[in-house]
Amino acid sequence: MDEVDRILKAWARETPDLDVSPLRVLSRVSRLARYLDFARREAFARHNLDTWEFDVLAALRREGAPYELSPGQLIQQTLSTSGTMTNRIDRLAERGLVERLPDPRDRRGVRVRLLPEGRALVGAALADLLAREEQILSGLSAIERTNVADLLRRLVEPFEPNSP
């Protein structure tokens, strides 16, 4: 019996007229998300990075050479707002991790490019994150991991902007 089982038992006792069965899955997903957030923060802290910094740098790194995106693309990939992204780009530029460049296809546009120091930093942080996440998943077989990933994809899909 885990904490969610105890919560469900209490809710069933206190609200017998409500079907609390959705909590069986979603409370566990919520608790897991919090544990994963703690693990990510810990992995990134070793590299003097906040989670949002990793997210922006990782979006640029995944893009491949020359490792650049528009602020709008970064907003979409990191699920942030325009004002927030402007602030984040400013802070990363101050640290020498990214630079702003004029967009050659749009005189009013800007491109954000990952600098070599940012590329090295996000690479090291990613390696630590993957090692930690491998530990977290170590109790699951390859088939179980695939099944969990497939089920979670189905749950997340309706919320994703580019889903079918």
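Residues numbered from 1 in each chain as written. Predicted model: local features only at pLDDT ≥ 70, side-chain atom pairs only at ≥ 80, totals over all residues. Heavy atoms only, no water.

### As for the nonpolar core
The tendency in soluble globular proteins is for nonpolar side chains to be buried as a group. Within the largest apolar cluster, 24 residues are counted, with the highest numbers of intra-cluster contacts made by Phe54, Leu57, Leu60, Leu74 and Val98. Secondary structure elements with two or more residues in this core: helix H2 (22-45), helix H3 (51-62), helix H5 (82-94), strand S3 (106-114) and helix H6 (116-137). Among all residues touching Leu74, those that are not within four sequence positions of it are Val56, Ala59, Leu60, Leu69, Met85, Ile89 and Val112. (Core = buried A, V, L, I, M, F, W, Y, C linked by side-chain atoms within 4.5 Å. Buried < 20%, exposed > 50% of the residue type's maximum accessible area, 1.4 Å probe, protein only. Helix = DSSP H or I, 4+ residues; strand = E, 2+ residues; numbered from the N terminus. Contact = heavy atoms within 4.5 Å.)

### Describing H5
Here H5 contains 13 residues, and its C-alpha end-to-end distance of 18 Å stays within 8% of the 18 Å for a straight helix at 1.5 Å per residue. Among the residues of H5, Met85, Arg88, Ile89 and Leu92 are the ones counted as buried. The buried residues of H5 occupy one face: seen down the axis, they fall within an arc of 100°. Of the residues in H5, the exposed ones pointing more than 90 degrees away from the buried face are Gly83 and Glu94. Considering only its buried residues, H5 is in contact with H3, helix H4 (71-78), strand S2 (98-103) and S3. Remark: Gly96 follows H5 within two positions and exhibits a positive phi of approximately 75°. (Expected span 1.5 Å × (residues − 1). Arc of directions from axis to C-beta.)

### Notes on the pairing of S2
Relative to S3, S2 runs antiparallel, the two being bridged by six bridges. Opposite Pro102, over in S3, you have Val110 as the bridge partner. Count of turn residues in the S2/S3 antiparallel hairpin: two residues. (Pairing = 2+ DSSP bridges.)

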